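# Residue-level structure breakdown
Chain residues, written in single-letter form:
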Amino acid sequence: MVETFVQSTDDVVEFLRDQHNQIKDMFDDVVHASGSEAREKAFVDLRQLLAVHETAEEMVVHPRARQDIEGGDIIVDARLQEEHEAKEQLSALESMDIDSQEFMDALLLFKGAVVDHAEREETEEFSRLQRDLDPDDLKRMVAAVQAAQAIAPTRPHPGVESAKLNFAVGPFASMLDRARDFIDSALR
């Protein structure tokens, strides 16, 4: 599993913003990798972080935004639609030849969509959570996000974007994903 180098554990918004920055850097690692093996490793690390990050948002952050911010349902529904589309794009990338121009073109389009999505989360959802929740709630949410990430699937699963589905399907998908990750790394 890819390590996350996130400093802030006192505020869920800062924690997730730090992960957004890490994800942007990881896209650059894939794009500028020196060869096939380095690109594949960088892509696997990126895929894993994206999968666990989005799952934790779906399980912890989005439900809280629905509950606690004005217009939360509309904001969260739009983010979930983007996350569904991102999972489909990430699944398509997984099946492409990592050395192909098709992969690079699709990766750059995907990066743009992910960066746009992160910016919308930060401005429309996270900033309002940070404003409306007290610091103790934001700190407790960090622990919940970290726990969700620890058990989250490491691959995209389009169609599993709700908290309920993540709780129902997530542990089984996570077990299968982590087994696949282990087997894949052993075969490299």
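Residues numbered from 1 in each chain as written. Predicted model: local features only at pLDDT ≥ 70, side-chain atom pairs only at ≥ 80, totals over all residues. Heavy atoms only, no water.

You'll find the protein chain entered in an unreviewed UniProt entry as Hemerythrin HHE cation binding domain-containing protein, with Mycolicibacterium aurum given as the organism.

This part covers a negative patch on the surface. Residues D97, D99, E102 and D105 make up a contiguous surface patch of negative charge. Considering the arrangement of structural elements, one finds D105 in helix α4 (residues 101-132). Its relative accessible area of 41% is what places D105 among the partly exposed residues. (Patch = residues over 30% accessible without salt bridge, like charges linked within 9 Å, V, L, I, M, F, W, Y side chains within 5 Å. Areas by Shrake-Rupley, 256 points an atom, 1.4 Å probe, with all protein chains shown as cover. Salt bridge = Lys/Arg side-chain N within 4 Å of Asp/Glu carboxyl O. Lys, Arg positive; Asp, Glu negative; His and termini not counted. Charge placed at Lys NZ, Arg CZ, Asp CG, Glu CD. Helix = DSSP H or I, 4+ residues; strand = E, 2+ residues; numbered from the N terminus. Buried < 20%, exposed > 50% of the residue type's maximum accessible area, 1.4 Å probe, protein only.)

A word on α4. An ideal rise of 1.5 Å per residue puts 46 Å on 32 residues; α4 measures up with 45 Å between its terminal C-alpha atoms. Along its length, α4 reaches its greatest deviation from straightness, about 40 degrees, at E122. (Expected span 1.5 Å × (residues − 1). Bend = angle between axes of the 7 residues up to and from the residue.)

Applying the stated criterion to the full structure yields 2 aromatic pairs. Here F43 and F103 contribute two aromatic rings whose centre-to-centre distance is 5.3 Å and whose plane-to-plane angle is 80 degrees, an arrangement assigned as edge-to-face. One end of the pair, F43, is in helix α2 (residues 36-68); the other, F103, is in helix α4, with 60 residues separating them in the sequence. By relative accessible area, F43 is classed as buried at 6%. (Phe/Tyr/Trp six-rings, centres within 6.5 Å; stacked < 30°, edge-to-face > 60°.)

Another point: the pattern of salt bridges. Applying the stated criterion to the full structure yields 15 salt bridges. The salt bridge partner of K111 is D28, with a shortest N-O separation of 2.8 Å. Taken together, the residues K111 in helix α4 and D28 in helix α1 (residues 12-31) connect sequence positions 83 residues apart. Beyond isolated ion pairs, a larger network of salt bridges with shared partners links R64, D68, D137 and R140.

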